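# Remarks on the overall topology
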Amino acid sequence: MSDDEEDIWEEELDEEDLEDLDSGRETVQEALFWNTASSAVLLAGTNKVLVVEGPDAGQVSEVNQVANMEEEIAPALIGRDEALDGTRPIFLAHRGGQHHRHLSHVLTRLHQGHGNDIAVGAILKIHGQSADASREFFQQCATAAVRIADPACYMLDEDILRLKKDPISNLATNRAPYLKGPDHAGFVEDVLGAQRDLRANLLLTPGRALDADSPKNSLNALFQEGENALALLERGERLALNLTLPARWLISPSLREQLFNELLDRDEHQIWYVRSQWRAQRSYAQPSDIELLNGYKRLCELALDEDRRLLLPQTGLTGWLMLAFGAKGFGAGSSGTDQAFTEPSFGRKPGAIRKQRYFERQLLHAVERSVHDVLETATDYKSCDCPYCPTLWNSPSWSHEFAGLHLLYRTGQLVAEVEEDTKPGGRHSAVRRIVRDALKYVKNKELTDINAPQHLATWGQLL
Ligand SMILES: [Zn+2]
């Protein structure tokens, strides 16, 4: 690796800063991938089709509207309530600022291949793009049973979380006026209204950060907002209690107990949407702090025992691990910002180039391209057969977009693998087997620094 390459995933930038980076860099190979003729598959039990390739990929259409029909039949689409109340785990794709154009393609292919075993959903942040772009994104994702427009009100809590300087820009308040501040009577109503306006189908409470130095007051405020939001729900709407927690809330036994007791007492909230801020870390790294992971595990177990649905947005593979303990679903994206909600890191060199990283399914980790090249030559290597890798490896220059789509698709497939594992022991055993295989695989490999999957040992312990 050269010195001007840096392990960055723009974690200190927000979606809006990245909005324009998607355009104008497409290689011939990428363009060819997307500019194929439309093709579709029949949706089971209907006379509609799901467009799987071409410009309208991800949408539902009529048979005679699509040039080519593939022979396969895709599982029937499911609705929000079936996804939330049924047994399937939910895989949520985040529309980040980058590489979002084709997320619907990933969701569509995941649904086509695994729609009987997993539910898919989509998350966007309200302030991250224009309202039209948000609605268009949801509209493209016909397979997304759950649609979440995250109000990201935790950005108002600079004194509790570590956020980038001046986290709320003028552009953000234009797109999400409620971010001007919570000090008016209609705040909760405005937050719900903004989500409805984008056609989200699972509404969230504002999700202000909980202050670990003032636990009682912040829990009271959280449930007060929850109560207000419930009172404002309209017929057919559903609400998730949105929590933003500095990691201390999951690590400290006494804070955890206060939080868990309150969550249990408030059984009007059946769905928990929980985001915890991790320490700054290298991109693609998973937290390997056993105390933190143990806190997550306890939260998952609580949700499972009490029949609540726990969604863990912005957790990436760590969220996948938590399926073993009772999480209902988790969110991941095609770039680092969407994999983890971390404290900002300020060490970025101006003009640095992003490293070329590739997610290795066998390692449960992303490595540098040069390391991939070595791994690939070994006899125990299994090549990826996802829809994106042929284009990724055939492009003359590295496609961060296709590397991201590959990552997202393979993460979704990991969810399906857990669900499709028919050996006894349920999800817990299925996850443990996958992690054990990764630990075995890594044993005779020389992986150092960012290429070493440091989290695996802790995961093994936790399982
Ligand atoms: Zn792939």
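Above this text is the structure in question.
Before going into details, it helps to say that this report is about the structure given with it. Just so it is clear, the structure is predicted and the values come from calculations on it, not from any experiment. (Residues numbered from 1 in each chain as written. Predicted model: local features only at pLDDT ≥ 70, side-chain atom pairs only at ≥ 80, totals over all residues. Heavy atoms only, no water.)

Tetrahedral metal sites with four donors have an ideal angle of 109.5 degrees; octahedral sites with six donors have ideal angles of 90 or 180 degrees. Protein ligation of the zinc ion involves Cys384 (SG), Cys386 (SG), Cys389 (SG) and His406 (ND1), the donor distances falling in the range 2.1 to 2.3 Å. Around the zinc ion, the four donor atoms sit at angles spanning 97 to 116 degrees, and that spread fits a shape best called tetrahedral. Here the donor residues for the zinc ion map to a single chain with the spacing C-x1-C-x2-C-x16-H. On the basis of relative accessible area, Cys386 is assigned to the buried category, the value being 3%. (Donors = N, O, S within 2.8 Å, 3.2 Å for Na, K, Ca; no water. Tetrahedral: all angles 85-135°; square planar, octahedral: opposite > 155°, others 65-115°. Buried < 20%, exposed > 50% of the residue type's maximum accessible area, 1.4 Å probe, protein only.)

In this section: a negative patch on the surface. A contiguous patch of negative charge on the surface is contributed by Glu227, Asp265, Asp267 and Glu268. Its location among the elements puts Asp267 in the loop between α10 (253–265) and β11 (271–277). (Patch = residues over 30% accessible without salt bridge, like charges linked within 9 Å, V, L, I, M, F, W, Y side chains within 5 Å. Areas by Shrake-Rupley, 256 points an atom, 1.4 Å probe, with all protein chains shown as cover. Salt bridge = Lys/Arg side-chain N within 4 Å of Asp/Glu carboxyl O. Lys, Arg positive; Asp, Glu negative; His and termini not counted. Charge placed at Lys NZ, Arg CZ, Asp CG, Glu CD. Helix = DSSP H or I, 4+ residues; strand = E, 2+ residues; numbered from the N terminus.)

With that settled, the discussion passes to the sheet that holds strand β3 (residues 48–53). The sheet built from four strands is open, its strands ordered β4-β3-β2-β5 with mixed pairing. Across the chains shown, the open sheet's two edge strands, defined by having one partner strand only, are β4 (60–62) and β5 (68–74). For this sheet, the mean inter-axis angle between neighbouring strands, taken without regard to orientation, is 45 degrees. Bridging between β3 and β4 involves three bridges; their strand directions are antiparallel. (Pairing = 2+ DSSP bridges. Axes fitted to C-alpha atoms, helices over the stretch in contact; angles between N-to-C directions.)

Most of β3 is tucked away, with five of its six residues classed as buried. Bridge count between strand β2 (residues 39–43) and β3: four bridges; the pairing is antiparallel. Bridging across to β3, Ser39 finds its partner in Glu53. The turn linking β3 back onto β4 is made up of six residues, and Gly54 within it adopts a positive phi angle of 95 degrees.

Honestly, it's all geometry; don't read function into it.
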